[in-house]
Amino acid sequence: MEDLNLHGWLPIRLWQEAGQWRVDWCWFGDARLSQPFFGDSVEDALRRPFNQAFRRQTPLDALGQWQRQSPGLGPSAFICHASRCGSTLISQMLAQLDDHIVISEPPPLDALLRSELPPAERSAALKGLMSAYGQRRRGVEQRLVVKLDAWNIGELPLLRECFPDTPWLFVYRDPLEIAVSHLRRPGMHMVPGMIGTTVLDDGLPFGSQEDFIPRRVGRLLATGLEHCQALSGVAVNYSELPEAMTGRLAAFFGLDDEQCGQVFATVGQHAKQPAQAFVGDSEDKRREASALLRERVMRWAQGPYEALTSLPL
């Protein structure tokens, strides 16, 4: 097999053709990934004339071949989360550091984690995917931090099989505030049937959003709690942010004093919409919640939330 030359290219999509998995790659060169989500960075890169003129596709096993030719950084931390709870703030703070690669919710990772590939093939592909994201495209990179989609908390054990020594966080928040956020603007995983089968499914019929969303939030929190207890996860409450980035999260991510100062450069910005100033909205969300939503959150999500708050720091 001839050598690949994928320096500067990153995997942006995994798909199947005639039963075979394939990888779409996009040219990033040495551009930093500074957008809130990997998909945003992909959209920017696809506007480049080079990427409009040239597309690159490979078989899935090219991930493993490229890893063998050019081993990238292994993941130094995974960020799991209950959604709308500060995980994007953490990833955006880390993205300020020149020696950090931060990959936030990359679709190829979700595709592999929830695929029906044979375990050995999936494991090899996951390791190859992380190596591709961990390439030193600018030459100064030292750490790779990956933020998963919220529902991938269900697949965390699969990822831990591949990277058993990589520490991981579970970021969570008062479930009433999460639920109100999704009632205002539902995430994909809060729309019935939109993302396929996940750990969030409970087999109960859809009644209304004010019932469905608290059930999903409860499943997120309960699964996060289970894995924190079984897989040595670090639980981080939204209420600790951003100050924890100079405290226990600085220790978790291995940040020195200079880096702790650098990560606060974006704290005044809205994490998902950097052009806007961040304004805390916890009280507004709590006031907005209906009596029905409060009852459903108490029934489905309050228990695991309180258990998470009781975990040792």
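This structure is a prediction, so every number in the text was calculated from the model and none was measured.

Rules of the game
- Residues numbered from 1 in each chain as written.
- Predicted model: local features only at pLDDT ≥ 70, side-chain atom pairs only at ≥ 80, totals over all residues.
- Heavy atoms only, no water.
- Salt bridge = Lys/Arg side-chain N within 4 Å of Asp/Glu carboxyl O.
- Buried < 20%, exposed > 50% of the residue type's maximum accessible area, 1.4 Å probe, protein only.
- Phe/Tyr/Trp six-rings, centres within 6.5 Å; stacked < 30°, edge-to-face > 60°.
- Lys NZ or Arg CZ within 6 Å of the ring centre and 35° of its normal.
- Core = buried A, V, L, I, M, F, W, Y, C linked by side-chain atoms within 4.5 Å.
- Contact = heavy atoms within 4.5 Å.
- Helix = DSSP H or I, 4+ residues; strand = E, 2+ residues; numbered from the N terminus.
- Pairing = 2+ DSSP bridges.
- Axes fitted to C-alpha atoms, helices over the stretch in contact; angles between N-to-C directions.

(A) Spatial organisation of the pattern of salt bridges. For the structure shown, the criterion picks out 20 salt bridges. The closest approach of N and O atoms between Arg-248 and Glu-240, which form a salt bridge, is 2.8 Å. When its relative accessible area of 26% is taken as the criterion, Arg-248 is described as partly exposed. Between Lys-285 and Asp-281 there is a salt bridge whose closest N-O contact spans 3.1 Å. Under the relative-accessibility criterion, Asp-281 is labelled buried at 18%. Ionic contacts of the salt-bridge type, sharing partners, join the residues Arg-173, Asp-174, Glu-177, Arg-184, Asp-281, Lys-285, Arg-286 and Glu-288 into one network.

(B) Geometry of the packing of aromatic side chains. In the structure shown here, the tally under the stated rule is ten aromatic pairs. Between Phe-50 and Phe-54, the aromatic rings sit 5.0 Å apart at their centres with planes inclined by 35 degrees, giving tilted as the arrangement. Taken together through their ring pairs, the aromatic side chains of Trp-9, Trp-27, Phe-50 and Phe-54 make up a single cluster. Between Arg-56 and the ring centre of Trp-9, over which it is positioned, the NZ or CZ distance is 5.5 Å. The lysine or arginine in question, Arg-173, covers the ring of Tyr-238, its NZ or CZ lying 3.7 Å from the ring centre.

(C) How the structure looks around the nonpolar core. Grouped together as the largest cluster of nonpolar side chains are 93 residues, with contacts concentrated most on Ile-90, Phe-170, Leu-249 and Phe-253. Sequence-distant contacts of Phe-170, defined by excluding residues within four places in its chain, comprise Cys-80, His-81, Ala-82, Ile-153, Leu-220, Leu-221, Gly-224, Cys-228, Val-234, Ala-235, Val-236 and Leu-308.

(D) View of unusual backbone geometry. The amide bond that connects Leu-241 to the next residue, Pro-242, takes the cis arrangement and shows omega of 0 degrees. As for its placement among the helices and strands, Pro-242 is situated in the loop between β8 (234-237) and α10 (248-253). Backbone geometry places Glu-105, a non-glycine residue, at a positive phi of 55 degrees. You can see Glu-105 is positioned in the loop between β5 (100-104) and α5 (107-113). A residue is classified by how much of its surface remains accessible, and Glu-105, at 17% relative accessible area, is buried.

(E) Geometry of the sheet that holds β5. Ordered by their spatial adjacency, five strands build an open sheet running β5-β6-β4-β7-β8, and the pairing between neighbours is parallel. Looking at which strands have only one partner, the edges of the open sheet turn out to be β5 and β8. When strand polarity is set aside, the average angle formed by the axes of neighbouring strands in this sheet is 20 degrees. Direction of pairing for strand β7 (residues 168-172) relative to β8: parallel, over a ladder of four bridges. Within β8, the residue paired with Leu-169 across the bridge is Val-234. Here helix α14 (residues 302-309) sits on the sheet and contacts β7 and β8; the angle it forms with β7, its principal contact strand, is near 130 degrees.

These results come straight from atomic positions and should not be treated as a statement about function.
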